Amino acid sequence: MTTEVKLQHYELMLIFTPILSEDEYKAAQQKYIDLVTNSGGIAGNANPWGMKSLAYPIQKKTTGLYFVLEFQAGTDFNTKLEVQINRDETVMRHMVTKLDKYAVIYNNRHRGAKAENKADATNELEPQPIETTNDLLENNSNEDNG
Amino acid sequence: MARQNDIKYLANTRIQNREKKYCRFKKMGIKYVDYKDAEFLKKFLNEQGKMLPRRISGNSLKFQRKVAHAIKKARQMALLPYVTDLLK
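Residues numbered from 1 in each chain as written. Chains lettered and ligands numbered in written order. Predicted model: local features only at pLDDT ≥ 70, side-chain atom pairs only at ≥ 80, totals over all residues.

The secondary structure content of chain A amounts to four helices and four strands. Counting helices and strands in the order they occur from the N terminus, chain A gives β-α-β-β-α-β-α-α. Buried positions account for 18% of the 146 residues belonging to chain A. Here the contacts in chain A between residues at least 6 apart in sequence split such that 69% fall between residues at least 24 apart. (Helix = DSSP H or I, 4+ residues; strand = E, 2+ residues; numbered from the N terminus. Buried ≥ 20, exposed ≤ 12 C-beta atoms within 10 Å, placed from the backbone. Contact = placed C-beta atoms within 7 Å.)

This part takes up the overall build of chain B. Check the secondary structure of chain B and you find six helices and zero strands. Counting helices and strands in the order they occur from the N terminus, chain B gives α-α-α-α-α-α. Across the 88 residues in chain B, those meeting the buried criterion constitute 26%. When contacts within chain B are restricted to residue pairs at least 6 apart in sequence, those whose partners lie at least 24 apart make up 75%.

With that out of the way, let us pick up the sheet that holds strand β2 (residues 42-58) of chain A. Residues and elements named next belong to chain A. Taken in spatial order, the four strands line up as β2-β3-β1-β4 in an open sheet, and their pairing is antiparallel. The open sheet has two edge strands, β2 and β4 (91-98), and neither has a second partner. On average, each strand axis in the sheet is inclined to that of its neighbour by 20°, with strand direction left out of account. Sheet topology places strand β1 (residues 8-16) next to strand β3 (residues 61-73); nine bridges connect them, and they run antiparallel. (Pairing = 2+ DSSP bridges. Axes fitted to C-alpha atoms, helices over the stretch in contact; angles between N-to-C directions.)

Let us look at the interface of chain B and chain A. Facing 20 residues of chain B, the contacting portion of chain A comprises 22 residues. For the side of chain B that touches chain A, the elements supplying multiple residues, two or more each, are α3 (24-28) and α6 (61-76) of chain B. In the side of chain B that touches chain A, the residues fall into nine nonpolar, one polar and 10 charged. (Nonpolar A, V, L, I, M, F, W, Y, C, P; charged D, E, K, R; others polar.)

Here the focus is the confidence of the model for chain B. A low pLDDT means the predicted coordinates there should not be read in detail. All names here are of chain B. Confidence in the prediction of chain B, expressed as mean pLDDT, is 84, and 81% of residues score 70 or more. Highest mean pLDDT in chain B belongs to α6 (93); lowest belongs to helix α1 (residues 2-10) (61). Under the prediction, the complex receives an ipTM of 0.70, its pTM being 0.74. (pLDDT = per-residue confidence, 0-100.)

By size, the foremost hydrophobic cluster in this structure holds 34 residues, and its most contacted members are Leu12 and Ile15 of chain A together with Leu41, Ala70, Ile71 and Ala74 of chain B. Filtering out sequence-adjacent residues up to four positions away, Leu12 of chain A remains in contact with Tyr32, Leu69, Phe71 and Val96 of chain A. (Core = buried A, V, L, I, M, F, W, Y, C linked by C-beta atoms within 7 Å.)

All names here are of chain A. Among the secondary structure elements, Ile33 is positioned in helix α1 (residues 22-38). Assessed through the 17 C-beta atoms surrounding it within 10 Å, Ile33 is described here as partly exposed. Residue contacts for Ile33: discarding those within four places in its chain leaves Ala43, Ala46 and Leu69.

If you check α6 of chain B, its first and last C-alpha atoms are 23 Å apart, about what 16 residues at 1.5 Å a residue would give, namely 22 Å. For α6 of chain B, the secondary structure elements touched by its buried residues are α3, α4 (38-41) and α5 (54-57) of chain B. (Expected span 1.5 Å × (residues − 1).)

What follows is about the pairing of β1 of chain A. Residues and elements named next belong to chain A. Counting buried positions along β1 yields seven of nine residues, so the element is predominantly enclosed. In the sheet, β1 pairs with β4 via seven bridges, with the strands oriented antiparallel. Along β4, the bridge assignment pairs Phe16 with Val91.

Here you go:
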């Protein structure tokens, strides 16, 4: 009898301190990707956003290095992950989100749109979900006037 | 009959012409509200960074709840501010 562990879709978002150098940032990303794969999970799309200004200061810092990782893992993995994150002093903030089926579709489509843009490399088209939201903005402004 | 005429003038005539609000998520077929897309979520905030009520945004209850969760996540990850002035 083989007990197959059912994998769930998750998304991890980390904010590293801006003090990290380029190599340290990459090493830190790799650390979490390895952590997922070593504990029987599947690391999906890794998306380092890089340096980004924070909406409010965290630990007296106004910028942070964002890192988003989609992964599939068993349900017992998140407690392990949290222990690792809490030990890691370079992580200022973290969040693990469970993705439902619509979220997985959304992320795949979003990534597909980005890949196309990179392939084009000339025109900086926004990914598709944002295009639709811009249409909505116009509708919204009309409503506010009314 | 005079009474009906009175009501006609007492009521705000603009109300009749106003377009009916609709849930943009239902209309556009958006099924997942992404907390990472801060620019999109800003459409549901006022200038102080407070969430707009359904009365104004027109969202259905289901999607208002999803938007609320997304905004709260974005705030935790410092993508959106908790309090501010002149957000837009």
